[in-house]
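# A structural walkthrough
Given next are the chains, with one letter for each unit.
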Amino acid sequence: MQLVVARIGRAHGIKGELTVEVRTDEPELRLAPGAVLATEPSSVGPLTIAAGRVHSGRLLLRFEGVTDRTAAEGLRNTLLIAEVDPEEVPEDPEEFYDHQLIDLDVVTRDGTEVGRISEISHLPYQDLLVVQRPDGSEVLIPFVAEIVPEIDLEEQRAVIDPPAGLLDASQAEIAGSREES
């Protein structure tokens, strides 16, 4: 099974280093020197990591055969994809791979059916569960412990505690409003 583990950002310096947006909780395993990664688009890969380091809080990678800024810039926005055994699970019991979450039933704490997880959207600051509702519409659920307190893989369900307005916009609470001057 394949997992997206990073997205290549801009070039850093003149020797082929690139910034990467990490999309894995295990970068030390998935993005280590020597790792061979598939790419999307596939025409630029596979890529082998030659070296990595952290600079100003960002991970910088250098790939074999990419020795200058021009070559590095040609890789910008490429997704890096690792091959993972489908039976492998994260070390932390509070972490999940996308394939473990896809197709889970989503219910509220009181058991009300919400829908089924159709995909996971990985954004820079948090992940979203894309939930297909029974009526065919979609709802985006922030994948944070306060809103998704329970994932039960044995029961194949995710329990959510949605704030007012998340599932039904008509129930949203308005925090405040500006008065016209």
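Residues numbered from 1 in each chain as written. Predicted model: local features only at pLDDT ≥ 70, side-chain atom pairs only at ≥ 80, totals over all residues. Heavy atoms only, no water.

## Comments concerning the overall build of the chain
Spelled out, the test is: Segments assigned H or I by DSSP are reported as helices when at least four residues long, segments assigned E as strands when at least two residues long, and all are numbered from the N terminus. In this scheme, a residue with accessible area under 20% of its type's maximum is buried, one over 50% is exposed, and one in between is partly exposed, where area comes from a 1.4 Å probe on protein chains only. What sets the accessible areas is the Shrake-Rupley method with a 1.4 Å probe; for residues, cover comes only from the shown protein chains.
Along the backbone of the chain there are three helices and twelve strands. For the chain, with 181 residues in total, the buried portion stands at 33%. A total of about 11200 Å² of accessible surface is found on the chain, and carbon and sulfur atoms cover 47% of it.

## Things to note about the pattern of salt bridges
Selection rule: Counted as salt bridges are all cases of a side-chain nitrogen of Lys or Arg within 4 Å of a carboxyl oxygen of Asp or Glu.
By the definition in use, this model includes six salt bridges. Measuring nitrogen to oxygen at the nearest pair gives 3.4 Å for the salt bridge that ties D161 to R109. Of this pair, D161 sits in the segment after β12 (157-160) while R109 sits in the loop between β7 (105-108) and β8 (113-122); the two residues are 52 residues apart in sequence, bridging distant segments of the chain. You can call D161 partly exposed: its relative accessible area is 36%.

## Structural notes on the sheet that holds β12
Quick note on the threshold: Strand pairing follows a simple DSSP-based rule, namely that at least 2 bridges must link the two strands. Axis angles are defined between N-to-C directions and span 0 to 180 degrees, where every axis is a line fitted to C-alpha atoms and, for a helix, only to the segment in contact.
Spatially, the six strands line up as an open sheet ordered β10-β9-β8-β7-β12-β11, and their pairing is mixed. Both outer strands of the open sheet, β10 (138-142) and β11 (150-152), are each paired with one neighbouring strand and no more. Shown here is a sheet whose adjacent strand axes are inclined to one another by a mean of 35 degrees, direction ignored.

## Considerations on the pairing of strand β4 (residues 47-55)
Across two bridges, strand β3 (residues 36-40) lies against β4 in antiparallel orientation. Bridge pairing in β4 places L37 opposite L47. With six bridges joining them, β4 and strand β5 (residues 58-63) adopt antiparallel strand pairing. In the sheet register, V54 faces β5, and the bridge partner there is L59. Linking β4 to β5, which pair antiparallel, is a turn of two residues; within it S56 sits at a positive phi near 50 degrees.

## Description of the nonpolar core
In a soluble, globular protein the nonpolar side chains are often hidden away together inside. Filter applied, for reference: As used here, the term nonpolar core means buried Ala, Val, Leu, Ile, Met, Phe, Trp, Tyr and Cys residues forming a set that is joined through side-chain atoms within 4.5 Å. Here, two residues are considered to be in contact whenever any of their heavy atoms come within 4.5 Å of each other.
Core analysis: the largest hydrophobic core is formed by 22 residues, its most contacted members being I8, L31, L61, F63 and L80. Those elements giving two or more residues to this core turn out to be β1 (2-12), β2 (17-22), β4, β5 and β6 (79-83). Residue contacts for L31: discarding those within four places in its chain leaves V5, A6, V22, L37, I49, L59 and L61. One finds L101, I117, V139 and I147 within the second-largest nonpolar core, a separate group that totals 15 residues.

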